Amino acid sequence: MKKKTFITLAFLAISCTFFITGCDDDEEEHTDPSFLIGTWSNEKATFTIDKNYEFACDISSPFKAKVYGKLDPNGTDMGPNDYILRNMKAEKDGVPDDSYTEGNATIRKDIANFQNIVGTLTPSSDKRQFTFKSTNFAADAFFGGTYNKQ
């Protein structure tokens, strides 16, 4: 009887070992987003990102406008460089903002399409650049491209 118990326990231990080592961790660790804090620019836009990942983006092409939002690195089924665009807004006419431009009236009605979409901000190896890409065509048209740290 003792031999049967020992064999059963040994089989159970071996089975558990294979089961535990055979499980893959599908969750990729997110890139540390702290490298994003600061000012980034390219020929189309300038992002200023603060320590809680809220940002202001001065767009210069296809028209001048200023957009505000937050980069959220937390979500399900996200890659290591993915961020959810949250709290997106453009200032309304008459808001006393020294960088307000007429383009805000145009983008304000479209900014709702950018809410809660995923943007991929892939850093360069030295983290002095990042490339913004999105599967959302409008977001990619406004924000897409490579940005350099200022």
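All figures in this text were calculated on a predicted structure; none of them were measured in a lab. (Residues numbered from 1 in each chain as written. Predicted model: local features only at pLDDT ≥ 70, side-chain atom pairs only at ≥ 80, totals over all residues. Heavy atoms only, no water.)

Here we take up the overall build of the protein. Check the secondary structure of the protein and you find three helices and eight strands. For the protein, the N- to C-terminal ordering of α and β elements is α-β-β-β-β-β-α-β-β-α-β. Every one of the 150 residues in the protein was classed for burial, and the buried ones make up 36%. A separation of at least 24 residues holds for 45% of the contacts in the protein among residues at least 6 apart in sequence. When the accessible surface of the protein is summed, it comes to about 9,500 Å², and 55% of that surface belongs to carbon and sulfur atoms. (Helix = DSSP H or I, 4+ residues; strand = E, 2+ residues; numbered from the N terminus. Buried < 20%, exposed > 50% of the residue type's maximum accessible area, 1.4 Å probe, protein only. Contact = heavy atoms within 4.5 Å. Areas by Shrake-Rupley, 256 points an atom, 1.4 Å probe, with all protein chains shown as cover.)

Time to look at the pairing of strand 1 (residues 38–41). Bridge count for strand 1 against strand 2 (residues 45–49) is four bridges, and the pairing is antiparallel. Within strand 2, the position partnered with Trp40 by the bridge is Phe47. Judged from the two bridges that link them, strand 1 and strand 8 (residues 145–149) form a sheet pairing that is antiparallel. Its bridge partner being in strand 8, Trp40 is matched across the sheet by Lys149. (Pairing = 2+ DSSP bridges.)

Right, let's talk about the packing of aromatic side chains for a bit. Evaluated as defined, the whole model comprises 10 aromatic pairs. Aromatic side chains Phe47 and Phe55 sit 5.3 Å apart centroid to centroid with 65 degrees between the ring planes, which places their arrangement in the edge-to-face category. The class of Phe55 is buried, set by a relative accessible area of 4%. On the basis of an interplanar angle of 50 degrees and a centroid distance of 5.6 Å, the ring pair of Phe47 and Phe143 is categorised as tilted. In this pair, Phe47 sits in strand 2 while Phe143 sits in helix 3 (residues 137–143), placing the two residues 96 residues apart along the sequence. No difference in accessibility class separates Phe47 from Phe143, as the two residues are buried. A connected cluster of aromatic rings, assembled from ring pairs, spans Phe35, Trp40, Phe47, Phe55, Phe114, Phe130, Phe132, Phe142, Phe143 and Tyr147. The ring centre of Tyr68 lies 5.7 Å from the NZ or CZ of Lys89, which sits over that ring. (Phe/Tyr/Trp six-rings, centres within 6.5 Å; stacked < 30°, edge-to-face > 60°. Lys NZ or Arg CZ within 6 Å of the ring centre and 35° of its normal.)

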